[in-house]
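Listed here are the chains, written in short residue letters.
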Amino acid sequence: MAQNTTVILDQAGINRALTRIAHEILERNKGVRDVVLVGIRTGGDDLAAVLRERIADIEGEKIPLGILDITLYRDDLSARSDRVVGKTKIPFPLDDKHVVLIDDVLYTGRTIRAAMDSLMDLGRPSSIQLAVLVDRGHRELPIRPDFVGRNVPTSREEDIRVHFDEDNRPVEVILAKK
């Protein structure tokens, strides 16, 4: 591990946080009826797959899982040269569904705004709920998560990174000094 990094969630901590989020999603929605999970590429999609497994273990039913690429909806697209457009894969209708939007780290809220714009272009959900593994603060838009694995107050000179293994499962979350 680099000198200026700190592990803020290890694999066991991530597992506990995701299990808690799965239970909270089920409690809030009174089960899985009309609930769908949509993970934001990249990171949120992998977490969504893990949450889907946890919910299936608890409820005995697999709920629909989609992947959302928000690249073309970003408000900083022209300023970024590193963006590659991925594929959105939502093989089910969003109309009248309770969409749980999933991302790894919530920061300014701009990614979530872009994701909501994209979702609304694809259908008219009953509700959009937000689940994040880490909320680091510094919001620039009035966006608040419904389900949070861990709140980690940070400075703007710090960065939060979620590391995944070769099977796209989260293994640690680190705080790094820029």
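About the cut-offs
Residues numbered from 1 in each chain as written. Predicted model: local features only at pLDDT ≥ 70, side-chain atom pairs only at ≥ 80, totals over all residues. Heavy atoms only, no water. Helix = DSSP H or I, 4+ residues; strand = E, 2+ residues; numbered from the N terminus. Polar contact = N/O pair within 3.5 Å; in protein donor to acceptor, adjacent residues only side chain to side chain. Pairing = 2+ DSSP bridges. Axes fitted to C-alpha atoms, helices over the stretch in contact; angles between N-to-C directions. UniProt positions renumbered as here; feature names shortened; annotations may be inferred. Core = buried A, V, L, I, M, F, W, Y, C linked by side-chain atoms within 4.5 Å. Buried < 20%, exposed > 50% of the residue type's maximum accessible area, 1.4 Å probe, protein only. Contact = heavy atoms within 4.5 Å. Expected span 1.5 Å × (residues − 1).

*Asks:* I'm lost on the side chain of E158 in this one. Help?
*Replies:* Relative to the helices and strands, E158 is located in strand β7 (residues 158-164). At 2.8 Å, the side chain of E158 forms a polar contact with the backbone nitrogen of S155.

*Asks:* Looking at this structure, I do not really get the sheet that holds β7. What am I missing?
*Replies:* Spatially, three strands are ordered β1-β8-β7 in an open sheet, and the strand pairing comes out antiparallel. The outermost strands of the open sheet, each flanked by one partner alone, are β1 (5-9) and β7. Going from strand to strand, the sheet's axes swing by 30 degrees on average, the running direction of each strand aside. Here four bridges tie β1 to strand β8 (residues 170-177), and the two strands are oriented antiparallel to one another. Each residue of the ladder has a partner; that of T5, found in β8, is A176.

*Asks:* Help me understand the UniProt feature "short sequence motif: PRPP-binding" (unreviewed entry) in the protein in this model?
*Replies:* According to UniProt, the positions carrying the feature "short sequence motif: PRPP-binding" (unreviewed entry) are residues 99-111. The annotated region residues 99-111 carries 15% helix and 62% strand content, and the separation between its end C-alpha atoms amounts to 16 Å.

*Asks:* Could you clarify how one ought to interpret the nonpolar core in this entry?
*Replies:* As a rule of thumb, soluble globular proteins bury nonpolar side chains together. Among the nonpolar cores identified, the biggest contains 30 residues, and L18, I55, V100, I102, L133, I160 and V173 are the most heavily contacted of them. Contributing elements (two or more residues each) for this core: β1, α1 (11-29), β2 (35-40), α2 (44-59), β4 (98-106), β5 (127-135), β7 and β8. Per element, the largest residue contribution to this core is seven residues, and it comes from α1. Beyond its immediate stretch of four places on either side in the chain, L133 contacts L9, I14, A17, L18, L47, D103, D104, G149, R150, V162 and V173. I90, V99, L106 and I112 belong to the second largest nonpolar core, which has 19 residues in total.

*Asks:* Help me out: how do you make sense of the side chain of D45 in this one?
*Replies:* Mapping D45 onto the fold places it in helix α2. For D45, a relative accessible area of 11% puts it in the buried group. A distance of 3.0 Å separates a polar side-chain atom of D45 from the backbone nitrogen of G43. Once residues within four sequence positions are removed from consideration, D45 is found in contact with G39, I40 and I67.

*Asks:* Would you mind showing me how to read α2 here?
*Replies:* Residues spaced three or four apart along an α-helix point in a common direction, a consequence of the helix completing one turn every 3.6 residues. For α2, with 16 residues, the first-to-last C-alpha span of 22 Å sits near the 22 Å given by 1.5 Å per residue. Within α2 the residues assigned to the buried category are G44, D45, D46, L47, A48, V50, L51, R54, I55 and A56. Where α2 terminates, the next one or two residues include G60, which has phi positive at roughly 75 degrees.

*Asks:* Could you clarify how one ought to interpret the pairing of β8 in this entry?
*Replies:* Put simply, side chains in a regular strand alternate between the two faces of the sheet. Relative to β8, β7 is paired through seven bridges, and the arrangement is antiparallel. Counted as the bridge partner of D159 is A176 from β8. Where β7 folds back on β8, the antiparallel hairpin that results is connected by five residues, among which N168 adopts a positive phi of roughly 60 degrees.

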